[in-house]
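Next come the chains, spelled out residue by residue.
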Amino acid sequence: MNSSWELLATTIASVGELDGPLMEMAGNRQLLLAKPVNALGRLERLGIRLAGITRQLRAPLTPRSVMICAADHGVVQENVSAFDTAVTAQMVRNCLAGGAAVSVLARKFHANITVLDVGIAEDLADHPHLRKDKIQYGTNNFARATAMTRQDAVSAIEAGIRAATAEVDAGARLLIAGDMGIGNTTVSAAIAAIMTELPVSQVTGMGSGIGLLGWRRKCGIIEQALTLHLPDANDPIDVLSKVGGFEIAALVGVIIAGAAARVPVLLDGIASAAAAAIAVKLCMGAKSFVIAAHCTVEPGHAALLDYLDIAPVLDLDLALGEGTGALLALPILEAAVATLNDMTTFDDAEIDRPRSLESSAVWEPMVA
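Residues numbered from 1 in each chain as written. Predicted model: local features only at pLDDT ≥ 70, side-chain atom pairs only at ≥ 80, totals over all residues. Heavy atoms only, no water.

Caption draft 1: Looking closely at the overall build of the protein chain. Helices and strands together make up the secondary structure of the protein chain, namely 16 helices and six strands. Here the protein chain has a C-alpha radius of gyration of 21 Å; the compact-globule value for 368 residues is 21 Å, and the two agree. If one aligns the C-alpha atoms of the protein chain with their principal axes, the spans along those axes are about 70 × 40 × 40 Å. Split by element, the accessible area of the protein chain, about 14600 Å² in all, is 52% carbon and sulfur. Across the protein chain, the 27 positively charged side chains and the 39 negatively charged ones have centroids separated by 1 Å. (Helix = DSSP H or I, 4+ residues; strand = E, 2+ residues; numbered from the N terminus. Rg over C-alpha atoms; globule rule 2.2 N^0.38 Å. Areas by Shrake-Rupley, 256 points an atom, 1.4 Å probe, with all protein chains shown as cover. Lys, Arg positive; Asp, Glu negative; His and termini not counted. Charge placed at Lys NZ, Arg CZ, Asp CG, Glu CD.)

Rendered as structure tokens:
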């Protein structure tokens, strides 16, 4: 890598593997708990994987931080969104004031919020929960030019790494990948089309509510950009530079930094899934440390999760982003950890084991 990419390179090099022996220990404990084998289904496998990520049977899920990466997109000039660019800054102000959906849910589930400005089209007043690491005042209109330079793409990734590392250093043991940015479902759909090799029409949704004519225009703009720029799916920095967004690039950094720190990263909507696809292309090991909280109504979101081979915890037909769906999945993660650690075993409860366990069954790895 270019020497100016040192932080990204060193962070990628720090990403390890899941703790296999501890996962085996957790799996064998699941077999001894007073319940039928696999009776708690994916909840069991989630508890096992959290143990493998954190190297603790009782995986710590607090303190928890919602990392809302925020930026604007030049492609909004093509009328692909129901909202104007100015709404991004307005949404961020509302979030910082405590009035956004993510703000309400963060209070409900005891999560801290950090908004990272990597490319909002205007300057915001200082706020204790606002971190400023702006690359540019929004991307270029990718229908006319590449969204950003390669160096700006890497700089945005590294901004995400710095922000996530600061949260972890301050004590965070769970990172939630949130986003704010008018136009980012267009950007995410473009990334989904490139990475999954599916037709644009199959990965593009209605976003903020643009209607059928708006959807057709949105698909056309994405197809125009892909034909113009010919992004290389095998070069994730090329993909980001040609059709990406600064906030999606920053989320790539959050994901890789979380993986390097052995902190679970909970994905939210399509923007964070697009970031995960880029992150995993840059660093295959990062995949083991991400958990898909839910699947939104955006068709590109499901396509990206299929591409990543990650099953979502919830499916509530959400379309908001911000980190809202990820926050709603927190009780499921807590339940996975609690059942693994707090249920009694057959022996402790003086319950006869099922005949299938009488000969000391051994846990076998399963996909979480």
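Caption draft 2: Broad picture of unusual backbone geometry. Here the bond from Thr 62 into Pro 63 is cis, since omega is -10°, no more than 30 degrees from zero. Mapped onto the elements of the fold, Pro 63 is located in the loop between helix H3 (42-54) and strand E1 (64-71). The phi angle at Glu 197 is positive, at roughly 65°, despite the residue not being glycine. Among the structural elements, Glu 197 can be located in the loop between helix H7 (184-196) and helix H8 (200-203). Judged by relative accessible area, which is 70%, Glu 197 ranks as exposed. At Leu 230, a position not held by glycine, the phi torsion is positive, near 45°. (Buried < 20%, exposed > 50% of the residue type's maximum accessible area, 1.4 Å probe, protein only.)

Caption draft 3: Representation of the sheet that holds strand E3 (residues 130-132) within the structure. The strand order across the open sheet built from six strands is E3-E2-E1-E4-E5-E6, with neighbouring strands paired in parallel fashion. Edge positions in the open sheet fall to E3 and strand E6 (290-292), since each of these has one partner strand only. Across the sheet, the axes of successive neighbouring strands diverge by a mean angle of 30°, strand direction being ignored. One ladder, built from seven bridges, connects E1 with strand E4 (residues 174-180); its direction is parallel. For Ser 65, the partnering residue across the bridge sits in E4 and is Leu 175. (Pairing = 2+ DSSP bridges. Axes fitted to C-alpha atoms, helices over the stretch in contact; angles between N-to-C directions.)

Caption draft 4: Fine view of the pairing of E1. Of all eight residues in E1, eight are buried, a share of seventy percent or more. Because side chains alternate across E1, one face comprises the buried residues Arg 64, Val 66, Ile 68 and Ala 70, and the other comprises Ser 65, Met 67, Cys 69 and Ala 71, equally buried. Sheet analysis places E1 next to strand E2 (residues 112-119), joined by seven bridges and oriented parallel. Of the residues in E2, the one forming a bridge with Ala 70 is Asp 117.

Caption draft 5: Structural context of the environment of Ile 256. Tracing the backbone shows Ile 256 in helix H11 (residues 246-260). On the basis of relative accessible area, Ile 256 is assigned to the buried category, the value being 0%. Remark: the alpha-carbon pair of Ile 256 and Glu 158, spanning 98 residues in sequence, is separated by 9.8 Å. Not counting residues within four places of it along the chain, the set of residues in contact with Ile 256 comprises Leu 8, Thr 11, Ile 12, Val 15, Ala 279 and Leu 282. (Contact = heavy atoms within 4.5 Å.)

Caption draft 6: Geometry of helix H13 (residues 299-308). Those residues of H13 that fall on the buried side of the exposure criterion are Gly 300, His 301, Ala 303, Leu 304, Leu 305 and Leu 308. Elements that come into contact with the buried residues of H13 comprise H7, H8, helix H12 (270-282) and E6. Count one or two residues on from H13 and you reach Asp 309, which has phi positive near 60°.

Caption draft 7: Looking closely at helix H2 (residues 20-32). Taking 1.5 Å per residue as the helical rise, H2 with its 13 residues ought to reach 18 Å, and the 19 Å between its terminal C-alpha atoms agrees with that figure. Within the sequence span of H2, burial applies to Leu 22, Met 23, Ala 26, Gly 27, Gln 30 and Leu 31. Close packing links the buried residues of H2 with H3, helix H15 (330-342) and helix H16 (346-349). The N-cap of H2, judged by a side-chain oxygen 3.0 Å from the amide nitrogen of Leu 22 a few residues on, is Asp 19. (Expected span 1.5 Å × (residues − 1). Polar contact = N/O pair within 3.5 Å; in protein donor to acceptor, adjacent residues only side chain to side chain.)

Caption draft 8: Region of interest: the nonpolar core. Phe 142, Ile 157, Leu 175, Ile 191, Val 243 and Ile 255 are the most contacted members of the largest nonpolar core, which totals 84 residues. Discounting chain neighbours no more than four positions away, the residues touching Ile 157 are Leu 8, Ile 237, Leu 240, Ala 249, Ala 250, Val 252, Gly 253 and Leu 282. One finds Leu 46, Ala 100, Ile 113 and Leu 314 within the second-largest nonpolar core, a separate group that totals 38 residues. (Core = buried A, V, L, I, M, F, W, Y, C linked by side-chain atoms within 4.5 Å.)

Caption draft 9: Seen up close, the pattern of salt bridges. Counted according to the given criterion, the structure contains 13 salt bridges. Between Arg 144 and Glu 78 there is a salt bridge, with its nearest N and O atoms 3.0 Å apart. One end of the pair, Arg 144, is in the loop between E3 and helix H6 (150-169); the other, Glu 78, is in the loop between E1 and helix H4 (86-96), and 66 residues separate them in sequence. For Lys 242, the salt bridge is made with Asp 238, and the minimal N-O distance between the two is 3.1 Å. Taken together, the residues Lys 242 and Asp 238, both in helix H10 (residues 236-243) and four residues apart, mark about one turn of the helix. When salt bridges that share partners are traced, they join Asp 117, Asp 123 and Lys 134 into one network. (Salt bridge = Lys/Arg side-chain N within 4 Å of Asp/Glu carboxyl O.)

Caption draft 10: Examining the packing of H6 against H10 more closely. With their axes 8 Å apart at the nearest point, H6 and H10 run at an angle of 105° to one another. Relative to H10, H6 is oriented roughly perpendicular. Of the residues in H10, those in contact with Arg 150, Ala 153, Val 154 and Ile 157 of H6 are Ile 237, Asp 238, Leu 240 and Ser 241. In the contact of H6 with H10, the residues fall into five nonpolar, one polar and two charged. (Parallel < 35°, antiparallel > 145°, perpendicular 65-115°, else oblique. Nonpolar A, V, L, I, M, F, W, Y, C, P; charged D, E, K, R; others polar.)

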